[in-house]
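If you want the building blocks of each chain, they are given just below.
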Amino acid sequence: MFTRKVRKSRKAPPVAPDTMEAVMIRRFGDAGVLEFTTTERPQPRLHDAVVKIHAVGINPLDWKTREGVGLWDDHLERTGILGWDISGTVVACGRRVGEFSEGDEVFGLANYPDGGAYAEYVRVPVDQLVKKPSTVEHTDAAAVPIAGLAAYQALFDVGKVTAARRVLIHGAAGGVGHFAVQLAKQTGAQVLGTSSERNLEFVRSLGADEVIDYAAVRFEQAINAVDVVIDTVGGDVTERSLNVLMRHGVVVALAGSESSGTRKTGIGAHRVRTLALRPDKRRLDHLASLLGEGALRPSTTTIRGLRGIPDAHRISETGHVRGKVVVLL
């Protein structure tokens, strides 16, 4: 487990049993639109569990949605609670929930794509939850759902990565990237990555065979003959990645990161595959097993308290986070 500095925030007064503390947005904008408030505590429905949240993972998806360019419509008609990555304890179950019981420690997605994780409690469909291994801290579990699933789906469902393939991972020290390096290496692939100079050794420690400082050299001048590129950066990186591919190679661009120029002109468009994340309980359960075995190691920057969420957004927005930002409630 990699752990970074913890920031503390002010404790809030207790709330009534049928209410909870939450962070909401009423309009799109910068981190200043995130409002600390009290709202109704959710109750279980037939196929849902109510989870007491202990940790929330912050993703670029969170602040992009806050800005109005993510999962939600560009016109917010109601108050909304953002956030998707959660780890916590089941406190109530719907009548048709047989997989979980009160007291079970779980992690997963909070109502993807609707959200609701920036709160003390959340109601979640059970097909978006898995049991948390007892040896894994909530901080680490909350770092996994979106970034871990994106890495897995990009590598294996879209990229079809197998042993002996050469895989280039852009942003290899980031949330998706640092999971992708570990997962690809476990498969037996040859793993190359790009990162800043300060993260070169970190990416190597995850198992990368070669790491390129993107500020010191253009990656297409340093490597070639790659079977799959995992592109978490976008812009001209997508187009430049086409130059390092083998004849039948593909670039897997995370949704929202692909180059508009590539798609508009059609140059190499048939070699660019866009990943649209989807909930996948089976894949998430596999990631849980890897976590429990110590085969998947999250790197986290931890902030404490719901009131720390605006700061967590600002840190994530810098684009220089090693691994994931996690808010510990």
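Every value quoted in this text rests on a predicted model; they were computed, and no experiment measured them. (Residues numbered from 1 in each chain as written. Predicted model: local features only at pLDDT ≥ 70, side-chain atom pairs only at ≥ 80, totals over all residues. Heavy atoms only, no water.)

## A word on the overall build of the protein chain
Logical step 1: When helices and strands are counted, the protein chain shows 10 helices and 16 strands.
Logical step 2: Burial status across the protein chain gives 56% buried among its 329 residues.
Logical step 3: Sequence-distant contacts in the protein chain: of pairs separated by 6 or more residues, those separated by 24 or more amount to 68%.
Logical step 4: About 14500 Å² of surface is accessible on the protein chain, with carbon and sulfur atoms providing 47% of the total. (Helix = DSSP H or I, 4+ residues; strand = E, 2+ residues; numbered from the N terminus. Buried < 20%, exposed > 50% of the residue type's maximum accessible area, 1.4 Å probe, protein only. Contact = heavy atoms within 4.5 Å. Areas by Shrake-Rupley, 256 points an atom, 1.4 Å probe, with all protein chains shown as cover.)

## Considering helix α4 (residues 175-187)
Logical step 1: Helix length check: α4 (13 residues) gives 19 Å between terminal C-alpha atoms against 18 Å at 1.5 Å per residue, within 8%.
Logical step 2: The buried fraction of α4 is high, at 10 of 13 residues.
Logical step 3: Those residues of α4 lying buried are Gly175, Val176, Gly177, His178, Phe179, Ala180, Val181, Gln182, Leu183 and Ala184.
Logical step 4: Backbone geometry just downstream of α4 places Gly188 in the positive-phi region, at approximately 100°. (Expected span 1.5 Å × (residues − 1).)

## Structural notes on the sheet that holds strand β9 (residues 166-169)
Logical step 1: Spatial strand order, β11-β10-β9-β12-β13-β14: 6 strands in an open sheet with parallel pairing. This sheet does not close on itself; its edge strands, each paired only once, are β11 (210-213) and β14 (272-275). The mean inter-strand angle of the sheet, taken between neighbouring strand axes irrespective of direction, is 20°.
Logical step 2: Together, β9, β12 (226-231), β13 (245-254) and β14 form the strand contacts of helix α3 (residues 145-158), whose direction differs from that of β14 by roughly 140°. (Pairing = 2+ DSSP bridges. Axes fitted to C-alpha atoms, helices over the stretch in contact; angles between N-to-C directions.)

## Focus: the environment of Leu149
Logical step 1: Locating Leu149 in the fold gives a position in helix α3.
Logical step 2: Counting along the chain gives 138 residues from Leu149 to Leu287, while the straight-line C-alpha distance between them is 8.1 Å.
Logical step 3: Excluding residues within four positions of it along the chain, Leu149 makes contact with Leu109, Val144, Leu277, Arg278, Asp280, Arg283, Leu284 and Leu287.

## Considerations on the nonpolar core
Logical step 1: Of all hydrophobic cores here, the largest spans 91 residues; its most connected members are Ile86, Tyr118, Leu155, Leu183, Ile230 and Leu287.
Logical step 2: For this core, the element with the highest residue contribution is α3, accounting for 9 residues.
Logical step 3: Each residue touching Leu287, except ones within four places of it in the same chain, is listed here: Val144, Gly148, Leu149, Tyr152, Leu183 and Leu296.
Logical step 4: Grouped together as the second largest cluster of nonpolar side chains are 14 residues, Leu192, Ile212, Val226 and Val237 included. (Core = buried A, V, L, I, M, F, W, Y, C linked by side-chain atoms within 4.5 Å.)

## Remarks on α3
Logical step 1: The element α3 is largely enclosed, with a buried count of 13 among its 14 residues.
Logical step 2: Looking one or two residues past α3, Lys160 carries a phi angle of roughly 55°, positive in sign.

## A closer look at the confidence of the model for the protein chain
Logical step 1: Of the residues in the protein chain, 89% have a pLDDT of 70 or more, and the chain-wide mean is 91.
Logical step 2: Residue range residues 257-265 is modelled with pLDDT below 50. Its contacts to residues more than four positions away, or to other chains, number 21 contacts. (pLDDT = per-residue confidence, 0-100.)

## Things to note about unusual backbone geometry
Logical step 1: In this model, Tyr112 is joined to Pro113 through a cis peptide bond whose omega is 10°.
Logical step 2: Summarising the element assignment, Pro113 is placed in the loop between β6 (105-109) and β7 (121-125).
Logical step 3: Positive phi, close to 55°, is recorded for Asn111, a residue that is not glycine.
Logical step 4: Residue placement: Asn111 occurs in the loop between β6 and β7.
Logical step 5: On the basis of relative accessibility, which here comes to 16%, the residue Asn111 falls in the buried class.
Logical step 6: One non-glycine residue, Lys160, lies in the positive phi region at around 55°.
Logical step 7: Within the secondary structure layout, Lys160 lies in the loop between α3 and β9.

## With respect to the packing of aromatic side chains
Logical step 1: Counted by the stated rule, this structure contains 1 aromatic pair.
Logical step 2: Ring centres of Tyr152 and Phe156 lie 4.8 Å apart, and the angle between their planes is 65°; on these two criteria the pair is classed as edge-to-face. Residue Tyr152 and its partner Phe156 are both found in helix α3; the two are separated by 4 residues, about one turn of the helix. Just as Tyr152 is buried, Phe156 falls in that class too.
Logical step 3: Directly above the aromatic system of Tyr121 lies the positively charged group of Arg41, at a separation of 3.9 Å from the ring centroid. (Phe/Tyr/Trp six-rings, centres within 6.5 Å; stacked < 30°, edge-to-face > 60°. Lys NZ or Arg CZ within 6 Å of the ring centre and 35° of its normal.)

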